[in-house]
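A structural walkthrough
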Amino acid sequence: MRILVTGGTGFIGSETVVELIKNGYEAVIVDNLSNSKEAVVDRIETITGVKPVFYQADCCDYAAFEEVFKKEKIDAVIHFAGLKAVGESVHKPVEYYSNNLISTCNLLKLMKKYGVHNIVFSSSATVYGVPKHVPLYETDPVESATNPYGETKVMIERILEDACKADKELNAALLRYFNPIGAHPSGLLGEDPNGIPNNLMPYITQVAIGKLDHLRVYGDTYPTPDGTGIRDYIHVVDLAKGHVATIKKLLSNPGLVVYNLGTGKGTSVLEMVKAFEEATGVHIPYTIEGIRAGDVAENYANCDKAYKELGWKAELTVLDACRDAYNFQKKNPNGI
Ligand code: NAD
Ligand code: UD1
């Protein structure tokens, strides 16, 4: 079975390609390398012994994208390709809307034209907006997002919903990721952000190797036990396995399905700092700063549905993720 993986050289995509290959699938990657490097393809081969087929192409370029469908017989698609930086999306909204929406519409047109009926989409917990309660359930309302990046996820979920209503043969899984962290245990694949990281884990790992001076903890006055923000951090290897389980589900012809992929457990910023120190033995100095605009106190998932219907649940811990993220950062101080 051959799976097209858009954005397959990125952080989550590359890890998913490894899991697909380990489970006997063939992977075809399409990526424009706007936020990843071609060297990732060789690293996947080093880990799995199999070199996935790779096309450097932009999913917004219909003609170039169609070449892939002409050459490869595709059975299902996992659609990771997209721009994902929340802050950047506020400054460059049109780029975000056009990249994320046009790539998805091109993909759906090509799937229809070439008779491909299964798609897994990388959505985000951001579609729930500001949580009115935790944990969040798939049945909770999808809100208008607080930034253009999040809005593209809300819109693409809607597009897929409508496409499934119109085409009874189409199966689409909306996977709402919580906070993916960690890296492949080999240290060959991991998160490679440009510039100063916005997200907590890559910031901590850069402090750990001395690239950054200290962590800035954004707020310690939230109504949480230690006052710092609580999130549901999921190891990227667990997340990748969730995609393999979802592909199997789509083959049962379920139409539109929605799953939270998280751990169901919240961890505060200070708990994460302690976990990192415990897992690696490296001290992380920090200062307490003001609250970051747009942040919420607490956000974590209920993941019972994924367990019940996919037989999938997260197995790795925050300690595993800290160890693997640090290993990757040490081996790749300047990225891949
Ligand atoms: P990433 O940036 O590492 O991977 C995305 C890949 O898509 C990159 O390799 C990039 O070069 C490629 N790409 C972007 N636009 C493209 C286009 N038009 N054509 C072809 N390739 C294109 O990001 P990631 O963290 O691996 O995220 C993967 C997906 O999961 C994204 O859709 C993201 O929005 C979503 N997501 C990520 C997180 C997270 O915290 N990392 C959380 C929720 C959802
Ligand atoms: C952010 C995005 C979200 C995206 C997610 C995963 C925002 C508002 N939200 O979520 O849309 O899906 O990343 O990529 O940007 N923190 C610090 N110091 C830091 C960095 C973070 O204290 O240097 C704290 C934050 O305040 C938060 C927690 O760590 O409490 C996690 O932050 P982060 O990793 O950026 O993820 P989210 O804010 O949950």
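So, here is what we can say about the structure in this document. (Residues numbered from 1 in each chain as written. Chains lettered and ligands numbered in written order. Predicted model: local features only at pLDDT ≥ 70, side-chain atom pairs only at ≥ 80, totals over all residues. Heavy atoms only, no water.)

Quick look at the nonpolar core now. The biggest cluster of nonpolar side chains holds 40 residues, and the ones touching the most others in it are Ile3, Ile44 and Leu261. Leaving out residues up to four positions away in the same chain, Ile44 has contacts with Gly8, Ser14, Val17, Val18, Ile21, Ile29, Gly49, Val50, Pro52 and Leu189. Membership of the second largest hydrophobic core comes to 26 residues, among which are Ile74, Leu101, Phe121 and Leu174. (Core = buried A, V, L, I, M, F, W, Y, C linked by side-chain atoms within 4.5 Å. Buried < 20%, exposed > 50% of the residue type's maximum accessible area, 1.4 Å probe, protein only. Contact = heavy atoms within 4.5 Å.)

Summarising burial for strand β11 (residues 256-261): five of the six residues are buried, a large majority. In this sheet, β11 lies alongside strand β6 (residues 171-177) in parallel orientation, the contact comprising six bridges. Paired with Leu174 across the two strands is Val258, which belongs to β11. (Helix = DSSP H or I, 4+ residues; strand = E, 2+ residues; numbered from the N terminus. Pairing = 2+ DSSP bridges.)

Okay, the pattern of salt bridges next. For the structure on display, the rule yields 16 salt bridges. Measuring nitrogen to oxygen at the nearest pair gives 3.0 Å for the salt bridge that ties Asp42 to Lys51. According to the relative accessible area criterion, Asp42 is partly exposed, its value standing at 37%. In this structure, Lys73 and Asp75 form a salt bridge, with 3.9 Å as the shortest nitrogen-oxygen distance. (Salt bridge = Lys/Arg side-chain N within 4 Å of Asp/Glu carboxyl O.)

Here we take up the sheet that holds strand β14 (residues 298-299). Spatial strand order, β12-β9-β14: three strands in an open sheet with mixed pairing. Edge positions in the open sheet fall to β12 (267-268) and β14, since each of these has one partner strand only. When strand β9 (residues 230-231) meets β12, the two strands line up antiparallel, connected through two bridges. Following the sheet pairing, Arg231 is matched in β12 by Thr267.

It is worth spelling out the sheet that holds strand β3 (residues 53-56) at this point. A sheet is described by the order of its strands in space; here seven strands give the open sequence β3-β2-β1-β4-β5-β6-β11, paired in parallel fashion. The open sheet has two free edges, formed respectively by β3 and β11, since each of these has just one partner strand. Taking each pair of neighbouring strands and ignoring which way they run, the sheet shows an average axis angle of 20 degrees. With five bridges joining them, strand β1 (residues 2-6) and strand β2 (residues 26-31) adopt parallel strand pairing. (Axes fitted to C-alpha atoms, helices over the stretch in contact; angles between N-to-C directions.)

Another point: the site of ligand 2. The full set close to ligand 2 counts 17 residues, and Leu200, Arg216, Arg231, Arg292 and Asp295 are the nearest of them. Measuring from an oxygen atom of ligand 2, one finds a side-chain N or O atom of Asn179 at 2.9 Å. Take Arg216: an N or O atom from its main chain is 2.7 Å from a nitrogen atom of ligand 2. When ligand 2 is considered free in solution it has 740 Å² of accessible area, and contact with the protein chains removes 85% of it. Residue assignment for the shell around ligand 2 shows that the elements contributing at least two residues are α7 (200-208) and β8 (215-218). The leading source of residues in the shell around ligand 2 is β8, at four residues. Residues of the shell around ligand 2, tallied by class, amount to eight nonpolar, five polar and four charged. (Near = heavy atom within 4 Å. Polar contact = N/O pair within 3.5 Å; in protein donor to acceptor, adjacent residues only side chain to side chain. Areas by Shrake-Rupley, 256 points an atom, 1.4 Å probe, with all protein chains shown as cover. Nonpolar A, V, L, I, M, F, W, Y, C, P; charged D, E, K, R; others polar.)

Close to ligand 1 lie 27 residues, the nearest being Ile12, Asp31, Asn35, Ser36 and Lys84. A distance of 2.6 Å separates an oxygen atom of ligand 1 from a polar side-chain atom of Asp31. The set of elements that each furnish at least two residues to the shell around ligand 1 consists of α1 (11-22), β5 (118-124) and α6 (148-166). Counting residues per element, the shell around ligand 1 draws most heavily on β5, at three residues.

What follows is about the packing of aromatic side chains. The full count for this structure, using the stated rule, is four aromatic pairs. Considering the side-chain rings of Phe276 and Tyr326, the 5.7 Å spacing of their centres and the 80 degrees angle between planes classify their relative orientation as edge-to-face. Pair noted here: Phe276 is in helix α9 (residues 269-280) and Tyr326 is in helix α11 (residues 318-331), with a separation of 50 residues, a long-range link. When its relative accessible area of 0% is taken as the criterion, Phe276 is described as buried. An aromatic cluster is defined as three or more aromatic residues linked by ring pairs; in this entry it consists of Phe65, Phe69 and Tyr114. (Phe/Tyr/Trp six-rings, centres within 6.5 Å; stacked < 30°, edge-to-face > 60°.)

Look at helix α5 (residues 93-113): 30 Å from first C-alpha to last across 21 residues, which is about the 30 Å you get at 1.5 Å a residue. Looking at α5, one finds that the buried residues are Tyr96, Asn99, Asn100, Leu101, Ser103, Thr104, Asn106, Leu107, Leu108, Leu110 and Met111. Residues of α5 that are buried in the fold lie against β1, α3 (62-71), β4 (76-79), α4 (86-91), β5 and α6. (Expected span 1.5 Å × (residues − 1).)

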